Amino acid sequence: MNEPQKNTDREVVLQVRHLYKSFGENHVLRDFSIELFRGENLVVLGKSGSGKSVLIKCIIGLLHPEQGEIQVFQQQVIGLEKEALDRMRTRVGFLFQSNALYDSMTVRENLEFPLRRHGRDKSLSEVNDLVMEALENVGLPHTIDLMPAELSGGMRKRIALARTMILKPEIMLYDEPTTGLDPITSREINDLILKVQDIYKTSSIIISHDMGCVRYTANRVALLVEGRCFATGSYDELQIHPDPAVNGFFE
Amino acid sequence: MKFPPATQRTLAEIGAISRFTGRFFSRVGKPRFEVQEFFRQCYMIGNRSLGLVAITGFILGLVMTIQSRPTMAQFGAEDWIPAMVGISIIREIGPVVIALICAGKIGSGIGAELGSMKVTEQIDAMEVSGTNPFKYLVVTRVWATTLMVPVLVIFADFVSLYGSYLAVNMRGVTSLALFTQQVVDSLVFSDVLPAFIKTFFFGFAIGIIGCYKGYTSDKGTEGVGLAANSAVVVSSLMVFILDLLAVQLTDLLGLT
Ligand SMILES: Nc1ncnc2c1ncn2[C@@H]1O[C@H](COP(=O)(O)OP(=O)(O)OP(=O)(O)O)[C@@H](O)[C@H]1O
Ligand SMILES: [Mg+2]
């Protein structure tokens, strides 16, 4: 497990305060608050359907919460106009639960896609170098000319990770990076997450209910229950938490 | 006033499609233009439908000629067959039948493609990586269908006339030159122009409805099938409605 670090005196890179989000009568997030410190891996745990994906989609600006504040690098996300939102999104990477690789494009085109907009000043060879670097980081440089349909589930996850990492974001949001993968592939993805944290000094929110992934990658764990941040702490602290709603996750 | 639920749903759908169309027009003039994707779509749409459109057109001309021969023969007007078939195909049957074929082929293709992109979060992924998915996916496809459907219709018209020529040639002999001469002589400008103009509207309707259905499709794999299916149904219906409007309009303008 990663060493938990002291929270005091550490820079907050992302802060969510009193967030409310509902779909009709379905109140998904109710007064949710959380903060992310620079350089840490924060795992958000929660039951299926508890609103974990909704939370990080609010952070990246794909969903619009009714109430509350989201600050990324001291900047309000809610109500941000398009240009500024795009600029913020270059600094925040998002790994989709479903990978969201573009089916009609090769791996190379997939990886070049984020650079269309955010790397327009780059020359062809620079773009090529970035693509190769990203692919080598995930150990799949030979797949460059394949289509996503020709890849296995674990490979797709890694390509999706490479595509997200190509802009070298300072914050990463991982939506269930290991769900549906076998233990060995999961372990590889977890290693990649730690590698990303180590090489690029990224701060990450990792959504997961794969306890192996949680124990291995988390510096700190937050529990999402009934739309609120129910508890936070290190893995060991939450494991011995007296409330069964908390320690129930760790059985 | 309270409408029955089915009517309410239909009205809501019409409203939503109108708003989607409004969104298209508010985006269409603004840079950045996704030129490369536009040409790729034109190529895909044209290339994928070419064979189907050619076969349909060919059979259409052939069958219409064979079918009309007995009636024409009764009046001793067999010489008029090329003119009659030519006018019907170019004015009405060619555009409508080919538009329907395109609604089936292109509309369902766009509906299914965008629908699955929506369901697998690819559209969200584009948004996050700083490319406006509406411009990249919708605007390019609607432009492509608007321009390619007329091209396909013109192509089909020619194939269809060739089919008709072969059918005429089964009995009696006409040279291709004479056949062409007869068709061209019977056509006037006011036959060709309205028929040509309306194909752009057909193409636009097929594109915008396919995109609307796909882009707003529901979660889940059923959503994709439904998007493709209703794209075909609604755009086929739309082709007929537009055709009706076009006929009324040309009538009003005295172009008949
Ligand atoms: N676009 C949407 N429209 C309506 N309801 C939605 C939408 N997205 C999510 N929901 C609802 O919000 C709730 C939380 O969904 P969410 O996808 O965040 O769950 P999750 O915690 O990520 O679950 P899982 O672990 O299964 O991915 C669910 O009840 C879902 O029905
Ligand atoms: Mg989720």
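To be clear, the structure that these remarks concern was listed above.
For the structure given in this document, a descriptive report is provided here. Computed from a prediction, not measured in an experiment: that's the story for all the values here.

All names here are of chain A. Near ligand 1 there are 14 residues, and of these Ser48, Gly49, Lys52, Ser53 and Glu176 occur at the shortest range. Here an oxygen atom of ligand 1 sits 3.2 Å away from a polar atom, N or O, in the side chain of Asn26. Note that an oxygen atom of ligand 1 is positioned 2.6 Å from one of the side-chain N or O atoms of Ser53. Isolated, ligand 1 exposes 630 Å² of accessible area, and the fraction of that covered by the protein chains is 63%.

Turning to the pattern of salt bridges, a few remarks are in order. Residue and element names in this part refer to chain A. Here the structure, examined in full by the defined rule, presents 20 salt bridges over all chains. In this structure, Lys82 engages Asp86 in a salt bridge whose closest nitrogen and oxygen atoms are separated by 3.2 Å. Note that Lys82 and Asp86 are positioned in helix α2 (residues 82-91) at a spacing of four residues, about one turn of the helix. The class of Asp86 is buried, set by a relative accessible area of 3%.

Residues and elements named next belong to chain A. Although it is not a glycine, Asp31 sits at a positive phi angle of roughly 60°. Even without being a glycine, Gln74 presents a positive backbone phi close to 60°. Locating Gln74 in the fold gives a position in the loop between β4 (67-72) and β5 (75-76).

This next bit is on a nonpolar patch on the surface. All names here are of chain B. On the surface, a cluster of nonpolar side chains totalling about 760 Å² of accessible area is made up of Ile154, Phe158, Phe189, Val192, Leu193, Phe196, Ile197 and Phe201. Every element with two or more residues in the nonpolar patch is listed here: α5 (133-170) and α7 (189-215). Sort the elements by how many residues they give to the nonpolar patch and α7 lands first, with six residues. Relative to the helices and strands, Phe189 resides in helix α7.

About the cut-offs
Residues numbered from 1 in each chain as written. Chains lettered and ligands numbered in written order. Predicted model: local features only at pLDDT ≥ 70, side-chain atom pairs only at ≥ 80, totals over all residues. Heavy atoms only, no water. Near = heavy atom within 4 Å. Polar contact = N/O pair within 3.5 Å; in protein donor to acceptor, adjacent residues only side chain to side chain. Areas by Shrake-Rupley, 256 points an atom, 1.4 Å probe, with all protein chains shown as cover. Salt bridge = Lys/Arg side-chain N within 4 Å of Asp/Glu carboxyl O. Helix = DSSP H or I, 4+ residues; strand = E, 2+ residues; numbered from the N terminus. Buried < 20%, exposed > 50% of the residue type's maximum accessible area, 1.4 Å probe, protein only. Patch = residues over 30% accessible without salt bridge, like charges linked within 9 Å, V, L, I, M, F, W, Y side chains within 5 Å.

The values reported here are purely geometric and, on their own, carry no functional implication.
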